[in-house]
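Examination of the molecular architecture
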Amino acid sequence: MSITRAVGSDHQLARLLQIGMVLEEVVEARAYKHAQSMETEPEAEILALLEDAAEESAEHRTKLESLVDKLEAEPVPFDQIEPLVEAQYGQTKPEDFDGVLYDQLCNEETAYKFYDDVITAIEASETSFSIDRHHLVTVLSGIREEEADGVEEVTTMMESRQ
């Protein structure tokens, strides 16, 4: 699903928000997996970063679920959404990075880009949604800002380790 165009209906908006929910689920699962699968005992700072990222993703998913519940649209089954997340915002496997921090940075940047695209598509739309547009953009902007903070936090941690 392309997010390069304006959002044209509640159904399309619900689908985008559901994609965000799946994206957050993927980020959460990857953070937990990294925390548990590191060959050596992870440093407290890295472990805290991964745990915070997982918790933040769970909070984001809850916010997105709340928005979807307010829309007058039929939800799209998640088995149809997951391939869209992979196609549009495909996650590179951790083996392709120089470690857990690089993978986490990719996750944060991917999520930021997704929310930035969705906000742009909503703002470009002239459609009247069944949910308050200002509330919608405020919630999504808050999530996007938290993702930007995550990018900054991971970048700072990476720079301090060099």
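Keep in mind the model is a prediction, meaning the values are calculated, not measured. (Residues numbered from 1 in each chain as written. Predicted model: local features only at pLDDT ≥ 70, side-chain atom pairs only at ≥ 80, totals over all residues. Heavy atoms only, no water.)

**So, the packing of helix 1 (residues 10-37) against helix 2 (residues 44-70)**
Filter applied, for reference: Axis angles are defined between N-to-C directions and span 0 to 180 degrees, where every axis is a line fitted to C-alpha atoms and, for a helix, only to the segment in contact. Secondary structure is summarised from DSSP: a helix means a run of H or I of at least four residues, a strand means a run of E of at least two, and numbering begins at the N terminus for each. Put simply, angles under 35 degrees are roughly parallel, angles over 145 are roughly antiparallel, angles from 65 to 115 are roughly perpendicular, and the rest are oblique. For any pair of crossing helices, the crossing counts as left-handed if the nearer helix is rotated counterclockwise from the farther one by less than a right angle, and right-handed if it is rotated clockwise. Gly is placed with the polar residues, together with every amino acid not listed as nonpolar (Ala, Val, Leu, Ile, Met, Phe, Trp, Tyr, Cys and Pro) or charged (Asp, Glu, Lys and Arg).
Contact geometry of helix 1 with helix 2 gives a least axis separation of 8 Å together with a crossing angle of 160°. Overall, the two elements helix 1 and helix 2 adopt an arrangement that is roughly antiparallel. Relative to helix 2, helix 1 is oriented so that their crossing is left-handed. Its residues assigned to classes, the contact of helix 1 with helix 2 shows 15 nonpolar, five polar and six charged.

**Structural notes on a negative patch on the surface**
The following threshold applies: The patches reported here contain residues having more than 30% relative accessible area and no salt bridge. Joining distances are 9 Å for like charges and 5 Å for nonpolar side chains (Val, Leu, Ile, Met, Phe, Trp, Tyr). Per-residue and other accessible areas follow the Shrake-Rupley method at a 1.4 Å probe size, with only the shown protein chains counted as cover for residues. A carboxyl oxygen of Asp or Glu within 4 Å of a side-chain nitrogen of Lys or Arg is what we treat as a salt bridge. Under the counting rule used here, the positive set is Lys and Arg, the negative set is Asp and Glu, and His together with the chain ends is not counted. A charged residue contributes its charge at one atom only: NZ of Lys, CZ of Arg, CG of Asp or CD of Glu.
A cluster of acidic side chains, namely E45, E51, D52, E55, E59, E145, D149, E152, E153 and E159, defines a negative patch on the protein surface. Listing elements by their share of the negative patch, those giving two or more residues are helix 2 and helix 5 (133-160). With respect to the element layout, E45 can be found in helix 2.

**Details of the confidence of the model for the protein chain**
Convention followed: A score between 0 and 100, pLDDT records how confident the predictor is in each residue. Here a residue-residue contact requires only that any non-hydrogen atoms of the pair lie within 4.5 Å.
When pLDDT is averaged along the protein chain, the result is 83; 80% of the residues meet or exceed 70. Within the protein chain, the element-level pLDDT minimum falls on helix 3 (residues 78-89), averaging 61, and the maximum on helix 5, averaging 95. Throughout residues 92-97 the model reports pLDDT below 50, and contacts reaching past four residues in sequence, or to other chains, amount to 10 contacts.

**Details of the environment of H60**
The condition is simple: Two N or O atoms form a polar contact when they lie within 3.5 Å of each other; inside protein one atom must be a possible hydrogen donor and the other a possible acceptor, and for residues adjacent in sequence the pair counts only when both atoms belong to side chains.
Residue placement: H60 occurs in helix 2. Sequence separation between H60 and R144 is 84 residues, and the spatial gap between their C-alpha atoms is 9.8 Å. Each residue touching H60, except ones within four places of it in the same chain, is listed here: E24, I143, E146 and E147. A polar side-chain atom of H60 sits 3.0 Å from a polar atom in the side chain of E147.

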